[in-house]
Amino acid sequence: MNNHKLAEDLLTSHGLRRTQIRLEILQLFMQQDHALSVNDLEKMVKSSHDRVTLYRALNSFEENGILHQTPDKSGNMRYALCAEGCSGHHHKDEHAHFICDECNQTYCLQEVKIPDVKLSDDYQLNSVSYTMNGICKDCQ
Ligand SMILES: [Zn+2]
Ligand SMILES: [Zn+2]
Ligand SMILES: [Zn+2]
């Protein structure tokens, strides 16, 4: 199955309308093995768009369990594709992220699960992030 078909299926299965910009953005994510920022996307997207359109598309992907946010070095947000099993308002992306010190890209380590930490009842947990820094395979 090609990426265009995969992107169409992803939108359909998450109840989103297939618009050209959404299809293009999803295919860009499928072609990359690292997370993308709004700035990255702004340079890569060829369909006519402005920043607001991009933000809107990214928000709807996040709200519908297609993309999740990932950290970058400067604390800005990037986005990466979710693994299967995420749905609207219920993300299951409890994996570590790896940030490369050379190229500054953020990679999802889907296979590295965040350790289960016991917290005392004094703290109510909202989210956990687990980030590692080092040199990625392309930069070694
Ligand atoms: Zn997710
Ligand atoms: Zn790198
Ligand atoms: Zn991730």
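Residues numbered from 1 in each chain as written. Chains lettered and ligands numbered in written order. Predicted model: local features only at pLDDT ≥ 70, side-chain atom pairs only at ≥ 80, totals over all residues. Heavy atoms only, no water.

An unreviewed UniProt entry annotates the protein as Fur family transcriptional regulator of Marivirga lumbricoides. Looking at the Sequence similarities (unreviewed entry) heading of the UniProt record, one finds this comment for the protein: "Belongs to the Fur family." (UniProt positions renumbered as here; feature names shortened; annotations may be inferred.)

Draft legend 1. Quick look at the overall build of the protein. In terms of helices and strands, the protein carries four helices and five strands. Taken over the C-alpha trace, the protein has a radius of gyration of 16 Å; the compact-globule value for 140 residues is 14 Å, and the two agree within 12%. Counting only C-alpha atoms, the protein reaches 45 × 35 × 30 Å along its principal axes. Among the 140 residues that make up the protein, the fraction classed as buried is 38%. When contacts within the protein are restricted to residue pairs at least 6 apart in sequence, those whose partners lie at least 24 apart make up 49%. For the protein, the exposed area adds up to about 8,800 Å²; of that, 47% sits on carbon and sulfur atoms. Charged side chains of the protein number 14 positive and 20 negative; the gap between the two group centres comes to 6 Å. (Helix = DSSP H or I, 4+ residues; strand = E, 2+ residues; numbered from the N terminus. Rg over C-alpha atoms; globule rule 2.2 N^0.38 Å. Buried < 20%, exposed > 50% of the residue type's maximum accessible area, 1.4 Å probe, protein only. Contact = heavy atoms within 4.5 Å. Areas by Shrake-Rupley, 256 points an atom, 1.4 Å probe, with all protein chains shown as cover. Lys, Arg positive; Asp, Glu negative; His and termini not counted. Charge placed at Lys NZ, Arg CZ, Asp CG, Glu CD.)

Draft legend 2. Local environment of the nonpolar core. In terms of nonpolar packing, the biggest core is built from 20 residues, with Ile-25, Phe-29, Leu-41 and Phe-61 touching the most fellow members. Of all the elements in the fold, those that place two or more residues in this core are helix 1 (3–13), helix 2 (20–31), helix 3 (38–44) and helix 4 (51–63). For this core, the element with the highest residue contribution is helix 2, accounting for six residues. Listed in part, the six residues of the second largest apolar core include Ala-96, Tyr-107, Leu-109 and Cys-136. (Core = buried A, V, L, I, M, F, W, Y, C linked by side-chain atoms within 4.5 Å.)

Draft legend 3. Representation of the sheet that holds strand 4 (residues 106–113) in the model. Taken together, three strands build an open sheet; the order of strands is 4-3-5 and the sheet is mixed. Of all the strands in the sheet, the pair left with one neighbour each is strand 4 and strand 5 (131–134). Taking the axes of each pair of neighbouring strands and ignoring which way they run, one obtains an average angle of 30° across the sheet. Bridging between strand 3 (residues 95–100) and strand 4 involves five bridges; their strand directions are antiparallel. Across the sheet, the residue bridging to Ala-96 is Leu-109, located in strand 4. (Pairing = 2+ DSSP bridges. Axes fitted to C-alpha atoms, helices over the stretch in contact; angles between N-to-C directions.)

Draft legend 4. Expanded view of the environment of Leu-16. With respect to the helices and strands, Leu-16 occurs in the loop between helix 1 and helix 2. Counting along the chain gives 57 residues from Leu-16 to Lys-73, while the straight-line C-alpha distance between them is 31 Å. Residues contacting Leu-16, with those up to four places away along its chain left out, are Leu-11, Arg-22, Ser-60, Phe-61, Asn-64 and Ile-66.

Draft legend 5. Representation of the environment of His-34 within the structure. Mapped onto the elements of the fold, His-34 is located in the loop between helix 2 and helix 3. Each C-alpha atom of the pair His-34 and Leu-109 lies 10.0 Å from the other, and the pair is 75 residues apart in sequence. When neighbours within four sequence positions are excluded, His-34 is seen to be in contact with Gln-105, Thr-106 and Tyr-107. Engagement of the side chain of His-34 in a polar contact is seen with the side chain of Gln-32, the distance being 3.3 Å. A distance of 3.2 Å separates polar atoms of two side chains, one belonging to His-34 and the other to Gln-105. (Polar contact = N/O pair within 3.5 Å; in protein donor to acceptor, adjacent residues only side chain to side chain.)

Draft legend 6. Broad picture of the coordination of the zinc ion (ligand 1). Coordination of the zinc ion (ligand 1) by the protein comes from Cys-82 (SG), Cys-86 (SG), His-91 (ND1) and Asp-93 (OD), over a distance range of 1.9 to 2.3 Å. Around the zinc ion (ligand 1) sit four donor atoms, and with donor-metal-donor angles ranging over 100 to 119° the site reads as tetrahedral. Given the relative accessible area of 16%, Cys-82 is considered buried. (Donors = N, O, S within 2.8 Å, 3.2 Å for Na, K, Ca; no water. Tetrahedral: all angles 85-135°; square planar, octahedral: opposite > 155°, others 65-115°.)

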